[in-house]
Amino acid sequence: MSLSDLYSDRILELAGNAPQPGRLIAPDASARKVSRVCGSMIEVDVVVENGVITAYGHDLSACALGQTSAAIVAEQIVGTPVADFRALRDTMHAMLKADGAPPEGKWRDLRYLEPVRDFPARHTSTLLVFDAVVEALGKLESSQSLGASGS
(Lines give C-alpha, C1' and ligand atoms only; values in the text may rest on other atoms or scores of the structure.)
Protein backbone atom coordinates (compact mmCIF):
# COMPACT_ATOMS: atom_id res chain seq x y z
CA MET A 1 0.00 0.00 0.00
CA SER A 2 1.31 3.42 -0.91
CA LEU A 3 0.90 6.52 1.21
CA SER A 4 -1.68 7.94 -1.21
CA ASP A 5 -3.75 4.72 -0.85
CA LEU A 6 -3.93 5.44 2.88
CA TYR A 7 -6.22 8.40 2.22
CA SER A 8 -9.32 6.42 1.28
CA ASP A 9 -12.51 8.08 0.12
CA ARG A 10 -14.04 7.45 3.57
CA ILE A 11 -11.06 9.06 5.35
CA LEU A 12 -11.31 12.10 3.10
CA GLU A 13 -15.10 12.24 3.58
CA LEU A 14 -14.81 12.09 7.38
CA ALA A 15 -12.03 14.70 7.41
CA GLY A 16 -13.84 16.94 4.96
CA ASN A 17 -17.08 16.90 6.95
CA ALA A 18 -15.42 17.14 10.33
CA PRO A 19 -17.33 19.00 13.02
CA GLN A 20 -15.47 22.04 14.31
CA PRO A 21 -16.67 22.20 17.89
CA GLY A 22 -14.42 25.09 18.91
CA ARG A 23 -13.08 25.56 22.42
CA LEU A 24 -15.19 25.40 25.56
CA ILE A 25 -15.63 28.59 27.58
CA ALA A 26 -15.30 26.92 30.99
CA PRO A 27 -13.68 23.49 30.64
CA ASP A 28 -12.79 21.34 33.63
CA ALA A 29 -9.45 20.58 31.95
CA SER A 30 -7.56 21.20 28.72
CA ALA A 31 -4.50 19.77 26.98
CA ARG A 32 -2.45 20.55 23.90
CA LYS A 33 -0.60 17.98 21.81
CA VAL A 34 1.67 18.51 18.83
CA SER A 35 3.17 15.96 16.44
CA ARG A 36 6.86 16.67 15.95
CA VAL A 37 6.82 14.63 12.76
CA CYS A 38 4.17 16.54 10.80
CA GLY A 39 3.30 19.59 12.90
CA SER A 40 -0.30 18.55 13.52
CA MET A 41 -1.67 20.25 16.65
CA ILE A 42 -4.79 19.85 18.76
CA GLU A 43 -5.99 21.63 21.87
CA VAL A 44 -8.85 19.86 23.63
CA ASP A 45 -11.24 20.88 26.40
CA VAL A 46 -13.39 18.52 28.47
CA VAL A 47 -16.09 18.75 31.11
CA VAL A 48 -16.65 15.67 33.26
CA GLU A 49 -19.57 15.00 35.58
CA ASN A 50 -19.87 11.83 37.66
CA GLY A 51 -17.17 10.08 35.62
CA VAL A 52 -18.79 10.85 32.24
CA ILE A 53 -17.54 13.30 29.61
CA THR A 54 -20.41 15.78 29.26
CA ALA A 55 -18.84 18.45 27.04
CA TYR A 56 -15.96 18.54 24.58
CA GLY A 57 -14.29 21.13 22.43
CA HIS A 58 -11.16 21.34 20.33
CA ASP A 59 -9.07 23.55 18.11
CA LEU A 60 -7.29 21.53 15.44
CA SER A 61 -4.65 22.00 12.79
CA ALA A 62 -3.89 18.57 11.36
CA CYS A 63 -3.55 16.37 8.31
CA ALA A 64 -6.50 14.33 7.03
CA LEU A 65 -5.69 11.46 9.41
CA GLY A 66 -5.66 13.71 12.47
CA GLN A 67 -8.80 15.43 11.23
CA THR A 68 -10.54 12.07 10.81
CA SER A 69 -9.67 10.91 14.34
CA ALA A 70 -10.71 14.24 15.81
CA ALA A 71 -13.96 14.28 13.82
CA ILE A 72 -15.00 10.86 15.11
CA VAL A 73 -14.07 11.79 18.68
CA ALA A 74 -15.95 15.11 18.47
CA GLU A 75 -19.03 13.29 17.19
CA GLN A 76 -19.03 10.49 19.76
CA ILE A 77 -17.24 11.57 22.96
CA VAL A 78 -20.07 13.30 24.85
CA GLY A 79 -21.71 10.71 27.08
CA THR A 80 -18.64 8.48 27.17
CA PRO A 81 -17.45 7.35 30.62
CA VAL A 82 -13.87 8.43 31.35
CA ALA A 83 -12.75 4.80 31.80
CA ASP A 84 -14.24 3.87 28.42
CA PHE A 85 -12.38 6.70 26.69
CA ARG A 86 -9.10 5.60 28.28
CA ALA A 87 -9.79 2.07 27.01
CA LEU A 88 -10.51 3.50 23.55
CA ARG A 89 -7.16 5.28 23.53
CA ASP A 90 -5.48 1.99 24.47
CA THR A 91 -7.41 0.19 21.71
CA MET A 92 -6.28 2.77 19.15
CA HIS A 93 -2.64 2.47 20.25
CA ALA A 94 -2.90 -1.33 20.03
CA MET A 95 -4.60 -1.16 16.62
CA LEU A 96 -1.78 0.93 15.15
CA LYS A 97 1.24 -0.37 17.02
CA ALA A 98 0.45 -4.01 17.92
CA ASP A 99 -1.90 -5.37 15.23
CA GLY A 100 -4.85 -4.96 17.60
CA ALA A 101 -8.45 -5.00 16.45
CA PRO A 102 -10.18 -1.72 15.64
CA PRO A 103 -12.75 -0.26 18.04
CA GLU A 104 -16.36 -1.34 17.74
CA GLY A 105 -19.75 0.08 18.67
CA LYS A 106 -20.15 3.82 18.38
CA TRP A 107 -16.41 4.09 17.63
CA ARG A 108 -16.50 1.69 14.63
CA ASP A 109 -15.68 4.43 12.09
CA LEU A 110 -12.17 4.44 13.57
CA ARG A 111 -11.64 1.16 11.66
CA TYR A 112 -11.03 3.26 8.56
CA LEU A 113 -7.77 4.34 10.19
CA GLU A 114 -6.50 0.76 10.55
CA PRO A 115 -4.28 1.01 7.41
CA VAL A 116 -2.29 3.73 9.22
CA ARG A 117 -0.66 0.81 11.06
CA ASP A 118 1.68 0.36 8.08
CA PHE A 119 2.87 3.98 8.24
CA PRO A 120 4.54 4.57 11.64
CA ALA A 121 5.29 8.21 10.76
CA ARG A 122 1.51 8.80 10.67
CA HIS A 123 0.71 7.18 14.03
CA THR A 124 1.26 10.32 16.11
CA SER A 125 -1.11 12.54 14.13
CA THR A 126 -3.75 9.81 14.12
CA LEU A 127 -3.47 9.33 17.89
CA LEU A 128 -3.13 13.03 18.78
CA VAL A 129 -6.77 13.57 19.84
CA PHE A 130 -6.82 10.44 22.01
CA ASP A 131 -3.60 11.33 23.78
CA ALA A 132 -4.71 14.94 24.29
CA VAL A 133 -8.07 13.95 25.81
CA VAL A 134 -6.43 11.40 28.13
CA GLU A 135 -3.89 14.04 29.20
CA ALA A 136 -6.73 16.49 29.95
CA LEU A 137 -8.56 13.79 31.94
CA GLY A 138 -5.35 13.11 33.87
CA LYS A 139 -4.99 16.81 34.70
CA LEU A 140 -8.57 16.88 35.93
CA GLU A 141 -8.11 13.81 38.12
CA SER A 142 -4.88 15.22 39.49
CA SER A 143 -6.48 18.56 40.37
CA GLN A 144 -9.46 16.79 41.97
CA SER A 145 -7.23 14.58 44.11
CA LEU A 146 -5.21 17.63 45.15
CA GLY A 147 -8.43 19.41 46.06
CA ALA A 148 -9.69 16.39 48.00
CA SER A 149 -6.48 16.04 49.98
CA GLY A 150 -6.59 19.70 50.92
CA SER A 151 -10.08 19.55 52.42
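About the thresholds
- Residues numbered from 1 in each chain as written.
- Predicted model: local features only at pLDDT ≥ 70, side-chain atom pairs only at ≥ 80, totals over all residues.
- Heavy atoms only, no water.
- Phe/Tyr/Trp six-rings, centres within 6.5 Å; stacked < 30°, edge-to-face > 60°.
- Helix = DSSP H or I, 4+ residues; strand = E, 2+ residues; numbered from the N terminus.
- Buried < 20%, exposed > 50% of the residue type's maximum accessible area, 1.4 Å probe, protein only.
- Core = buried A, V, L, I, M, F, W, Y, C linked by side-chain atoms within 4.5 Å.
- Salt bridge = Lys/Arg side-chain N within 4 Å of Asp/Glu carboxyl O.

1. A few points about the packing of aromatic side chains
Per the stated rule, a full pass over the model turns up 2 aromatic pairs. Ring geometry for Phe-85 and Trp-107: centres 6.1 Å apart, planes at 75 degrees, overall edge-to-face. You can see Phe-85 sitting in helix α4 (residues 82-97) and its partner Trp-107 sitting in the loop between α4 and α5 (123-149), a full 22 residues away along the chain. Here the two residues Phe-85 and Trp-107 agree in accessibility, since each one is buried. Seen from their ring centres, Phe-85 and Phe-130 are 6.1 Å apart, and the 25 degrees between their planes marks the pair as stacked. Here the residue Phe-85 occupies a position in helix α4, and Phe-130 occupies one in helix α5, the gap between them amounting to 45 residues. Cluster of aromatic residues (ring-pair linked, three or more members): Phe-85, Trp-107 and Phe-130.

2. Some words on the nonpolar core
One finds Ile-42, Tyr-56, Phe-85, Phe-130 and Val-133 to be the most contacted residues of the largest nonpolar core, which totals 40 residues. Counting only elements with at least two residues in this core, the list comes to α2 (9-16), β1 (29-34), β2 (41-49), β3 (52-61), α3 (64-76), α4 and α5. If you tally residues by element for this core, the top one is α5, at 10 residues.

3. A look at the pattern of salt bridges
Under the definition given, this model contains 11 salt bridges. Here Asp-45 makes a salt bridge to Arg-23, at a shortest N to O gap of 2.7 Å. Of this pair, Asp-45 sits in strand β2 while Arg-23 is found in the loop between α2 and β1, placing the two residues 22 residues apart along the sequence. The class for Asp-45 is buried, based on a relative accessible area of 1%. Using a relative accessible area of 39% as the deciding quantity, one classes Arg-23 as partly exposed. With its nearest N and O atoms 3.0 Å apart, the salt bridge here joins Lys-33 to Glu-135. With Lys-33 in strand β1 and Glu-135 in helix α5, the pair connects residues that are 102 residues apart, well separated along the chain.

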